[in-house]
Amino acid sequence: MDFMKDRSAPIGVFDSGIGGLTVVKHLIDALPNENIVYFGDTARVPYGSKSNDTVIEYSIQNTAFLMEFGVKAIVVACNTASSVAIESLRSKFDVPVIGMIEPGAKYGLGYTSNNKIGVIGTRATINNNAYSHQIKELSNEVEVFESACPLFVPLAEEGWVDHPATWAVAAEYLAPLKKAGIDTLILGCTHYPILRAVIQREVGPDIKLVDSGIAASYSVVKELTERDILNKSNSQGSHIYYVSDVPTTFQFVASLFLGKEITNIHKVETDYISSLFSIKK
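Our subject in this report is the structure included herewith.

Some details on the sheet that holds strand β5 (residues 116-121)
Right, so step 1: A sheet is described by the order of its strands in space; here four strands give the open sequence β6-β5-β7-β8, paired in parallel fashion. The sheet terminates laterally at β6 (143-148) and β8 (208-211), the two strands that pair on one side only. Each neighbouring strand pair of the sheet contributes to a mean axis angle of 25 degrees, computed without reference to strand direction.
Right, so step 2: Pairing of β5 with β6, which is carried by six bridges, proceeds in the parallel orientation. For Lys116, the partnering residue across the bridge sits in β6 and is Glu143.
Right, so step 3: With respect to the sheet, helix α6 (residues 130-138) is in contact with β5, β6 and β7 (184-188), its orientation differing from that of β6 by roughly 165 degrees.

Here it is, written out as structure tokens:
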């Protein structure tokens, strides 16, 4: 396709909400010259409590929207969508599709010394055994211990990064993983890096934390390099943000997750996003 030859074509990134902005932050750090178009489906968040079929449908719609910008790659900056929708997206769209699960699993395997890896994520990610299946495909010597931590999402969005309530919740969620003797913990939700300090404090300094967003950004660099479609420009890339709703706390949470204030925000109607599924079927 022609856009595959266009090095300046943007990278498309989508998430169920704004947690994916932590992934955008890592992408900007790793690829400062790349143009990025982000879509956060804030009107239909969360994906973690929805059925797999619904998550796949929404993911196809989100990707179809980003394809309208002539993107040269899609980053599924949502562990829930990555756990169920990657193969559907790869079969329907002729661009590289990078999710969170495979990169996070590979990096987790690279860190572990005792072959005991913990994974925390949304209920959907954990119930789908997304990381354990991926890790087992890569190595059958590793034990994987998974735990759903749904309350971490609202705590991160409240900015409660150093709050007694967060400490108490972290202690409850992480106790079984500590007891299992893990030496590596994969943060299988893009919200969780916001609570990294609390999580590290609770599990102790000897347990290595793996940010799936950082791992995914490295995979994007590798994919674009191998396909020879890196943007060769010396100028800073442009970053445009689309959302399906603008919650009252959006600016605060977005700046918390991205590490800087967002000004280039556009709202797109959910009805339009929904219509793209039938167009692309």
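There is more to say, and it comes next.
Observations concerning the packing of aromatic side chains
Right, so step 1: Under the definition given, this model contains nine aromatic pairs.
Right, so step 2: For the ring pair Tyr47 and Tyr58, a centre distance of 5.5 Å and an interplane angle of 50 degrees mean the geometry is tilted. Of this pair, Tyr47 sits in the loop between β2 (36-40) and α2 (52-67) while Tyr58 is found in helix α2, placing the two residues 11 residues apart along the sequence.
Right, so step 3: On the basis of relative accessible area, Tyr47 is assigned to the buried category, the value being 1%.
Right, so step 4: Relative accessible area serves as the criterion here: at 16%, Tyr58 is assigned to the buried category.
Right, so step 5: Note on Phe69 and Tyr242: the rings are 5.2 Å apart at their centroids and 50 degrees apart in plane angle, and the pair reads as tilted. With a gap of 173 residues between them, Phe69 in the loop between α2 and β3 (73-76) and Tyr242 in strand β9 (residues 239-243) connect regions that are remote in the sequence.
Right, so step 6: Residue class for Phe69 comes out partly exposed when judged on its relative accessible area of 29%.
Right, so step 7: Taken together, Phe39, Phe65, Phe69 and Tyr242 form an aromatic cluster joined through their ring pairs.
Right, so step 8: Taking NZ or CZ as reference, Arg44 lies 3.8 Å from the ring centre of Tyr58, over its face.
Right, so step 9: The ring centre of Trp167 lies 4.3 Å from the NZ or CZ of Arg201, which sits over that ring.

Comments concerning the side chain of Thr112
Right, so step 1: Mapping Thr112 onto the fold places it in the loop between α4 (101-111) and β5.
Right, so step 2: Overall, the relative accessible area of 12% leaves Thr112 in the buried class.
Right, so step 3: In this view, Thr112 contacts Ile117, Asp183 and Thr184; residues no more than four positions away in its chain are not counted.

Here is what the cut-offs are and how they apply
Residues numbered from 1 in each chain as written. Predicted model: local features only at pLDDT ≥ 70, side-chain atom pairs only at ≥ 80, totals over all residues. Heavy atoms only, no water. Pairing = 2+ DSSP bridges. Helix = DSSP H or I, 4+ residues; strand = E, 2+ residues; numbered from the N terminus. Axes fitted to C-alpha atoms, helices over the stretch in contact; angles between N-to-C directions. Contact = heavy atoms within 4.5 Å. Phe/Tyr/Trp six-rings, centres within 6.5 Å; stacked < 30°, edge-to-face > 60°. Buried < 20%, exposed > 50% of the residue type's maximum accessible area, 1.4 Å probe, protein only. Lys NZ or Arg CZ within 6 Å of the ring centre and 35° of its normal.

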